[in-house]
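In case you want the letters, here they are:
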Amino acid sequence: TTKYPPSLIIYDLKTDNLLRKYVFPQDQVKEDSGFANIAVEDTDCDKTYAYAGDLGKPAIVVYSWEKNDSWRITHHYFNPDPLACDFSVKGHNFSWTDAIFGLGLSAPNADNFSTLYFHPMASYNEFSVSTEYLRNQTVADDNFDAFKLLGSRGPNAQSSVSFVDRKTGVLFYSLVNLNAVACWRTSNNKYLMKNQGRIYMNEETMVYPTDIKVDYEDNLWILSNRLPIWMYGKLDLNEVNFRVFSAPVVHAISHTACDITPRSDILEKFVNKAKSITKDIVAKVKPNSSTTTKPITVLLTLSCLVRFLAT
């Protein structure tokens, strides 16, 4: 039973005043429709666009603030993958056929268009499309090939929510089967497993990560809520079932494939290890002399550096 039709409700956060309520037209809401996530492109306030993913009847409903109008766009990349519908979370095995779910918008390009990164929940793949092709339904229909397959997250790596940090260009996304949150740097041309990093993984605290956002102070926020346990089992009220995680983005991606900072600490570790190896070897060669081992030290250092690099 639908008690209230899907709507966009826009508030002024400074005054808490309701600015506008937009009800999706009936022809854009299907019998099995379900709108779980929305991405908002708001770099130009008057030309703000909202993109709502329909996970039940695969589509994106695009809303224009300027026109106060919306339209529905379909593409086969929005559909669930029948080979990725099996899930297992905390001992509960189930089958979900959720379509387009994760939505993440990049920073705008020179033409003020963003890239929308998206994926169905029942899928291992990531896709993208420029918002240039979403802002007009006719343009989207006439440019079917504008939607791109980026690559795969690998086996058992179905993802629900996602979000792009526009400052670093890092795409964050959940891994619901793996109780983890991962990342990919969108400046990397190849969406491969080796280019994806794990931000956090925990079989107790990160059970079903359900939302991811980055705030205006460059902090990453993650929510987990154990939804599958509630649906297919019973929540233990003596346990913590709902959690909020936060960390600065640069700390979250540090020492992962998404890291954007120079790794001077790795070089320092390398130099210290080389010095330690050299010192140990020199001590064995000339245990009671400190004045005649300098040439030997240089040679041994070079030898150790070569061996260290090889390993």
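Everything below is about the structure shown above.
Below is a short write-up of the structure. Values in this document were obtained by computation on a predicted structure and should not be read as measured data. (Residues numbered from 1 in each chain as written. Predicted model: local features only at pLDDT ≥ 70, side-chain atom pairs only at ≥ 80, totals over all residues. Heavy atoms only, no water.)

With that settled, consider the overall build of the protein. When you go through the protein residue by residue, the secondary structure sums to 5 helices and 19 strands. Here the protein, with 311 residues, has 42% of them falling under the buried criterion. Within the protein, contacts between residues separated by at least 24 positions form 46% of all contacts whose residues are at least 6 apart in sequence. About 17600 Å² of surface is accessible on the protein, with carbon and sulfur atoms providing 54% of the total. (Helix = DSSP H or I, 4+ residues; strand = E, 2+ residues; numbered from the N terminus. Buried < 20%, exposed > 50% of the residue type's maximum accessible area, 1.4 Å probe, protein only. Contact = heavy atoms within 4.5 Å. Areas by Shrake-Rupley, 256 points an atom, 1.4 Å probe, with all protein chains shown as cover.)

Summed over the entire model, instances satisfying the criterion amount to 16 aromatic pairs. Summarising the aromatic geometry, the rings of Phe118 and Phe147 are spaced 6.5 Å apart at their centres and angled 75 degrees between planes, so their arrangement reads as edge-to-face. Of this pair, Phe118 sits in strand 10 (residues 115–120) while Phe147 is found in the loop between helix 1 (137–142) and strand 12 (148–152), placing the two residues 29 residues apart along the sequence. By the burial criterion, Phe118 is buried, and Phe147 matches it. Their ring planes at 45 degrees and their centres at 5.5 Å tell us that Tyr200 and Phe245 sit as a pair that is tilted. (Phe/Tyr/Trp six-rings, centres within 6.5 Å; stacked < 30°, edge-to-face > 60°.)

Let us now look at the environment of Asn195. Along the chain, Asn195 falls in the loop between strand 15 (180–185) and strand 16 (196–201). Asn195 sits in the buried class, given a relative accessible area of 14%. For the pair Asn195 and Arg153, spaced 42 residues apart in sequence, the C-alpha to C-alpha distance is 9.8 Å. Residues contacting Asn195, with those up to four places away along its chain left out, are Cys183, Trp184, Asn188, Lys190 and Ala257. Only 2.9 Å separates the side chain of Asn195 from the backbone oxygen of Lys190, close enough to count as a polar contact. (Polar contact = N/O pair within 3.5 Å; in protein donor to acceptor, adjacent residues only side chain to side chain.)

Just geometry here; none of it tells us what the structure is for.
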